[in-house]
Amino acid sequence: MGTALPRRDFPPLSDHKDDLARRIEEWHWFHSIDLGDGLVTKGHPPSPTIAEAFPDVAGRSVLDIGAWDGKYSFEAERAGAGRVVALDHYIWRLDHQGRQAYYERCEAEGVLPDAEMIDRGFLMDALPGRTGFDLAREYLDSKVEPVVDDFMTMDLDRLGRFDVVLYFGVLYHMADPLGALRRLRQVTGELAVIETSAVHIPGYEDFSLTEFFAGNELHADYGNWFAPNGAALVGMCRAAGFRRVELKAHSPLPAPEPDPPPAGPSEARRSEARRSEARRSEGRRSARRLSEGRLSAGRPGRWRRRGRPSPEPTGGGAPHPAARPAPVPYRLVAHAHV
Ligand SMILES: C[S@@+](CC[C@H](N)C(=O)[O-])C[C@H]1O[C@@H](n2cnc3c(N)ncnc32)[C@H](O)[C@@H]1O
């Protein structure tokens, strides 16, 4: 007499995968992740800037801070990382509707949202925002380890050290960016890769500058605070204890906008046009310098000064508005070595 087969009370793998695929199709993704079998999640297109600067992780331990749907954690695993931890908490725990209602109340009252409320006011115990990560992890049969915690307050000794730390799209959310980089340094064994929103200020590349956003000027998000220029990003990483910092990649800078000719007497118009042209060609020159990588540090972490910033009109006082270069938002990636 043969032994009875155990009763199957779970669906066969193929049915289960079909069901997973259906839920994956329905989910609202942040990341676009290629899960194989022709299934690609419908999130933002992948960042060519991150792809260009993605480090060699084969055989290394990797921590992905601010993992969200986990695209870069899964990529590290696929690239042969020995161990991958995906850390997040904010977006995984966020009550989006509650936060949106609060923002609308603040806008109606003409006040800015409170920083503490943005950070902690709308976090739930449940993890609705981790659904995408969990679905992708299951579909990929991945071993990536999710950790739910706030990188800024958690016990870093318990988290441990990782050969490579990915810090993509998080720095500009930090009210204390230097403090965040110091914590990043504590958990980095070899290399931290920092991708961030940044500002390019034509003619001021050699100055270490950071733009502060009191409201939602950056990407229409009240939770975005600071965007550094390249020199400031290098300088902050060095101040946080990284020994060598390289700017590895950046998104293309938009071409400077042509200015409309101003109204007024013809001489004023001509000199305005000359100023605009000078500003545009400075923009073109510095965009060229950036794309040729000529903004690299002279010595590790040290920026050479090349002359003075854009000329200001004579006569003292505030520069003429037409002579002031406007900060241009773009994205930067730095490799910070321990
Ligand atoms: C703009 S998203 C970037 C997602 C992903 N790293 C990428 O580059 O595509 C920022 C992420 O950082 C997370 N984050 C923000 N502050 C954090 C903190 N203090 N600790 C852990 N994660 C945080 C957010 O929850 C969110 O998932």
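Structure shown above.
Please read these numbers as outputs of a predicted model, since none were measured by experiment. Note that residues are indexed from 1 along each chain, following the sequence as it is written. Confidence filtering applies because this is a predicted model: local features only for residues at pLDDT of at least 70, side-chain atom pairs given and counted only at 80 or more, and all residues used for totals across whole chains, interfaces and linings.

A.B. asks: Account for the pairing of strand β9 (residues 328-337), with residues named and values stated.
C.D. replies: Here a strand pair is declared whenever DSSP counts at least two bridges between the two strands. Elements are defined by DSSP. Helices are runs of H or I of four residues or more, strands are runs of E of two residues or more, and each kind is numbered from the N terminus. Two strands pair when backbone bridges link them, and strand β5 (residues 188-200) and β9 are joined in this way by 10 bridges, in the antiparallel orientation. Within β9, the residue paired with T196 across the bridge is L332. Here strand β8 (residues 244-250) pairs with β9 via 6 bridges, running antiparallel. Directly across from H250, in β9, lies its bridge partner L332.

A.B. asks: Any chance you could break down the sheet that holds strand β4 (residues 162-168) for me, citing the residues and the numbers?
C.D. replies: Ordered by their spatial adjacency, 7 strands build an open sheet running β3-β2-β1-β4-β5-β9-β8, and the pairing between neighbours is mixed. Both outer strands of the open sheet, β3 (145-148) and β8, are each paired with one neighbouring strand and no more. When the angles between neighbouring strand axes are averaged without regard to direction, this sheet yields 20°. Where strand β2 (residues 83-88) lies against β3, 4 bridges are found, and the strand directions are parallel. Counterpart to A86 in the pairing with β3 is P146. Only the stretch in contact is used when fitting a helix axis, every axis being a line fitted to C-alpha atoms; angles between N-to-C directions are given from 0 to 180 degrees.

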